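Each chain is listed here by its residues.
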Amino acid sequence: MSPASPVWLRVQVLRVLWALLAVLLGPWRLWAVIYDFHECTWHVVLNKFQRVGENLESDQFVHQEPVDTVRGVFNMLVDSPIDRRERYLGFPYYLKINYSCHGQHSEDLVRSGHLMGLKPLVLVTFQAPVNFYRWKIEQLQIQMEAAPFRSKEPCMATEVCVMSWYTPMPIKNGSVVMRVDVSSNGLGPIIPSKRFHVNINGFLKMGADNRIQFTVGDELFDIKPRYFVNVSSRPLWYNVDQSPVLILGGIPNEKALLMTSTNFREFSLVELSIDSCWVGSFYCPQADFSATIYDAISTESTLFIRQNQLIYYYTGTYATLYDSSHSSGKWVRVLASECIKRLCPVYFSSNGSDHVIALTTGKHEGYLHLGTITDGLVSFELLPRNQTTCKRMLVDRCSIIWAIFIPGQHILMMLVETQYDDSDPKYYQLASYDLITEEMTIHYTLPLFIPDARGLEFLMILGTESYTNTPMIPKGLSFNLYNNLLFIWGNFLLQSYNAENFIYLADFPKESSIKYMVNSFRGDVAIVTETEEIWYLLEGTYHLHRIFPSHGWDIHVSLQVMKQSSLYASKETMVTLFYEDKKLYQLVYLTHGKQDHLVKRLVPMEKLLMYEQHKQIHRMQDGSRPTLSFSNLCPFEVMRLGNLPNPQAYTRQERYLARPPMVLNPSGFHSENSLAVYQGLVYYLLRLHSKYDKPYADPVHDPTWSWWKNKKQDEDYYFYLASNWLSTGGVHIDMGSYEKIYDLKSHYGLPERIFLDKGGEYHFSIFLTARGHSFEMGTDVGSAFKVQSKVSVGVVLADPSCTESLVKQKVLVKRNSVLFLVTLRDKSLCYDQGISGHHLMKTSMMVKVVGASGFCFQDTHLGPRLQGNLMVPVFIGCPPGKRLAFDITYTLKYMRQQNKHYFDCMQEDPEMPCFLYRDMFYPFFLIQDLVTGDSGSFKGSYVLKVVGGGPSLDSMVDYNEEEIYRYNSPLDKTGSRIWTTKTSETTHDMAFYIMSYERSGIEWLCLENSPCYDMTPQGIIAPDFFFKVLVSNRGVDNSTYCNYQLIFLLHIHGLPLSAKRALFIVIVSASVLVGMVILYILFCLLWPYAVNACNHLRWRINNIIASESYYTYATSSRAFSVSSQSNFGPFSQVPSVDDFKVQDQKHKADLEPAEKKKP
């Protein structure tokens, strides 16, 4: 080996220097990439199954059911870990994914990203349905990895010109609202995550020409400026997190709506097909008529509009929610004899139904109609019942200005204008009506004039304060169900947590008037005035910030104009304002010369607040040079959350993982067949999830266990085929790529929601680094030598009677920091037992750093973020995803030990083993957590009842309440009990036994009047019986809020016969046996005689046969002799009759028995 030359050494040194320079410049390059990477963004469109690979516009979500398009592909996969006996289906749509960066060509970016290893990760979240009586409540997600696919368009290149990534767009029964989160796998360019709303639009249909049409009207493609320019903005009303389609009216003199199923990422202008019957009468005064749609509300399944005094609704076609017969064929006019002056939204569902409120005027002034929508069926109820609001409030005249319905409490809160007499002034009162007790309560009477705050930010109204000369004119109500914060708004703003003690927020000018409020229900409120001003309020605080117009808004717009942003223009009109995923968005009509269009844009609240704060500039002298100083009002520098538990146990979010199959293609691109396989696998994964909710627990607590249980042993064989490019169909299915995830980690933030069972707790910590010196010695008695911090944290609970919090402080002097340990705990007082996910109590926890609200920001790669104010919704009750299951595995094991044997049926069924009647039955149950994967024995108490049964599965019947009592109660005196137990513990009324883990032995009785008594056996096998068993812990188990209810079938064989039937069978059997013995004896005695008789009979027959033979021989002999004599003359002689007689006698004498012959 030759030594290295100096030139080679010099090259090595240069390489080392270049590597060192790259290392030194790496952080700067990384920071530059992080600073600019938000200029790149994801794009997601919907493509039909048949149009994959085509460079066309997106399709609309019309088809809602799985399609049979992948069966042929799966039939080819003979050497793959799939069950070919199963039916694999596909979904009608794919998600097509691309990305773009500002100023760069999208196709080039996608190709380069693919070559660098970029793969989009797609997380689809299914929103739980409203009607929890029809569908199971669950928080379900599926995470997929997008597969690269080359475009079908002609291309000159050998490998790829245009490409995209594709994933199946799954559909789930009971869900019409879906969120799609797209993120990067960490390779290639840095692209921030982005969320898309991909909802099912039930107001579309396929036309005769195979084009998509709206069922509610005709789409208008010409959006005229007069529809939006100089038109006042209007609120967007919908059921929060449940409405798949949003609608917005308010277009002047047009019966048209803006409709969207993507939260205005895409939208359509639709002219409605309504009759526009403008009716006026003496009881329904109408000054003028207009085609304008004044109010528009969307729920999960139904759209409501108000045109003049008329109300219409339209129920969409949602095959995944309800039967198609519930859908509307046209707009339905409702409350035709009423004069409706306003529609009021109800933002949250209640008891499995959506609601809407219609306020009346005219002949029914003082009433309102509460609409209920259940599975698309609409009904209205006139409230208050029996008496008007005026009579209940003891006034002559009244008018309901606004009303809100509080779900869960069944309370209507109303803002009522009252007048006791014509000469008396008008008063505004806050009243509530209880739908259960039918009682009305007056909570608060508003002052006639606006209070004088005298320079204060807020003022508690006690009745002793002074007032201005400006009349107080209320216009509406706003209520946050999570923190019980109620607003009364008009040309003022009042807030209260108990609807009795109100605080006046003085920052809002009395010269302005609020037009509508927008609540995020996560602690943020936006206010729009009649002059289109935008104000911002952080709930729990008293300081209002004017966002538009403001100094911060001017700075932000100037920066956007410098960037040549297409979302801003010199002339623009705000159409509406709404919250989406805790962020505030505007729908704005922009005027760019002749190019006018509607855009949805983000309102950067944090930036605007930061710009407003930095406008306070102070001049300082640094030696001989003047400097500028910006005041920072935030009391801390760093805020971090720590000790966060895994979120799934509290968010109740179930997540599945599904990766695309591996393609045996050097380029790595998928084909249509491999994408079809991906569709079928995702469909089957979700099908396994839905099938897993069965009463008998599997040996392994995982829905995917049954998929691979018979294929895992051949995993190495399948891998061998794939590694040698021998897999059929050109794809390899990795069994580890389809699984359920149980160990998600926290992303350094509080969870989206918290579910607490009885006595449940949630722990976390807050680390704060103070600004400047923030410690001092204690001044209180006993704390003179304790270090105290000026930075403090408060926890605000919406329902302190139901939850409690504990905050412990640790002062870290050397680090100039404070550590707060926070615990949220349920008090076990405010909730009865309920079914998993049903009737949960909504409350919240708000964590506030004192003095930080609206003044503290954290710089992130996505821009500034507000700090110091955290709000988390809390749900108290039985969390979703918990269930009770029959532990068949341990039950069989324990019964073998106790009974020393186990006899199954002759025809074994692995899904439903048999149990012998005469054995003691020891049932055991499991509490399975479908979210975390935990599974353990149920140690609580429960009541077991037989609620149905039959001799076969086809003949099973359900028992009524009286029969259930007679068959299961120890108090029964009719002889109808089916079973008994040795335990003596019963319910309070002694009607049923209370069983538990330690006391679970059951002895079968099947008494005379029970349905399993005296079963007729089918053949020689003992009779069987199938019992339908109900197990419930309601009212007997105080360890949980969950009302676990389990109904399962129990197969019992070897049932005994009744005494009468057994005696009858014994008698019949004995009679048959005795008869057979007698016959045998008679047979043995008579057998010799029968043999002799048979012999004699045979002898007689032989004699007859022989005699007949002799006669024939003799006749033929004589005939021969006669012929001889005639021929020979003297040698022939004819015998006489006497000769024949003599011969016969001799012959007979020879044939007689020997014993009869004489010697």
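Now for a look at the structure at hand. (Residues numbered from 1 in each chain as written. Predicted model: local features only at pLDDT ≥ 70, side-chain atom pairs only at ≥ 80, totals over all residues. Heavy atoms only, no water.)

What about the environment of Ile 503?
Here comes step 1: Within the element layout of this structure, Ile 503 appears in strand 34 (residues 503-505).
Here comes step 2: With relative accessibility at 11%, the residue Ile 503 sits in the buried group.
Here comes step 3: Sequence separation between Ile 503 and Phe 487 is 16 residues; the distance between their C-alpha atoms is 9.6 Å.
Here comes step 4: When neighbours within four sequence positions are excluded, Ile 503 is seen to be in contact with Phe 458, Leu 459, Met 460, Leu 493, Leu 494, Gln 495 and Tyr 542. (Helix = DSSP H or I, 4+ residues; strand = E, 2+ residues; numbered from the N terminus. Buried < 20%, exposed > 50% of the residue type's maximum accessible area, 1.4 Å probe, protein only. Contact = heavy atoms within 4.5 Å.)

A short note on the state of the cysteines
Here comes step 1: Enumeration over the complete set of coordinates arrives at seven disulfides.
Here comes step 2: Shown here is the disulfide that connects Cys 40 with Cys 101, its sulfur atoms set 1.8 Å apart. Taking the sign of the S-S torsion, 105° for the link of Cys 40 and Cys 101, the bridge is right-handed. With Cys 40 in strand 1 (residues 40-48) and Cys 101 in strand 2 (residues 93-101), the pair connects residues that are 61 residues apart, well separated along the chain.
Here comes step 3: Relative accessible area serves as the criterion here: at 11%, Cys 40 is assigned to the buried category.
Here comes step 4: Here Cys 878 connects covalently by a disulfide to Cys 1042, the sulfurs 2.0 Å from one another. Since a negative S-S torsion denotes a left-handed disulfide, the Cys 878-Cys 1042 link at about 95° is right-handed. Of the two residues, Cys 878 sits in the loop between strand 59 (869-876) and strand 60 (882-886) while Cys 1042 sits in the loop between strand 68 (1024-1032) and strand 69 (1045-1053), which places them 164 residues apart along the sequence. (Disulfide = S-S within 2.5 Å.)

As for the environment of Gly 854
Here comes step 1: In this fold, Gly 854 is placed in the loop between strand 56 (841-849) and strand 57 (857-860).
Here comes step 2: Since its relative accessible area comes to 6%, Gly 854 is described here as buried.
Here comes step 3: Taking the C-alpha atoms as reference points, Gly 854 and Leu 866, separated by twelve residues in sequence, lie 7.0 Å from one another.
Here comes step 4: Setting aside anything within four residues of it in sequence, one finds Gly 854 in contact with Leu 538, His 545, Leu 609, Gln 613 and Leu 866.

So, empty space enclosed by the protein
Here comes step 1: Here the structure, examined in full by the defined rule, presents seven cavities of 30 Å³ or more.
Here comes step 2: Of the pockets and cavities examined, the largest cavity occupies roughly 90 Å³.
Here comes step 3: What lines the largest cavity is a set of 14 residues, and nearest its centre among them are Val 130, Asn 131, Glu 300, Thr 374 and Asp 375.
Here comes step 4: Partitioned by chemical class, the residues of the lining of the largest cavity number six nonpolar, five polar and three charged.
Here comes step 5: A domain-level breakdown of the lining of the largest cavity finds at least three residues from each of domain 1 (40-200 + 649-741) and domain 2 (204-337).
Here comes step 6: As a volume, the second largest cavity reaches approximately 50 Å³.
Here comes step 7: For the second largest cavity, the full set of lining residues is Asn 483, Tyr 497, Val 796, Leu 797, Ala 798, Ser 844 and Met 846.
Here comes step 8: Of all elements in the fold, only strand 53 (793-797) and strand 56 reach the threshold of two or more residues within the lining of the second largest cavity.
Here comes step 9: Of the residues assigned to the lining of the second largest cavity, the class counts are five nonpolar, two polar and no charged. (1 Å grid on protein atoms, 1.4 Å probe; cavity = no way out; pocket = protein on both sides within 12 Å on 5 of 7 lines; lining within 4 Å. Points joined across faces, edges and corners; volume = space filled by probe spheres on them. Nonpolar A, V, L, I, M, F, W, Y, C, P; charged D, E, K, R; others polar. Domains from an automatic or database assignment.)

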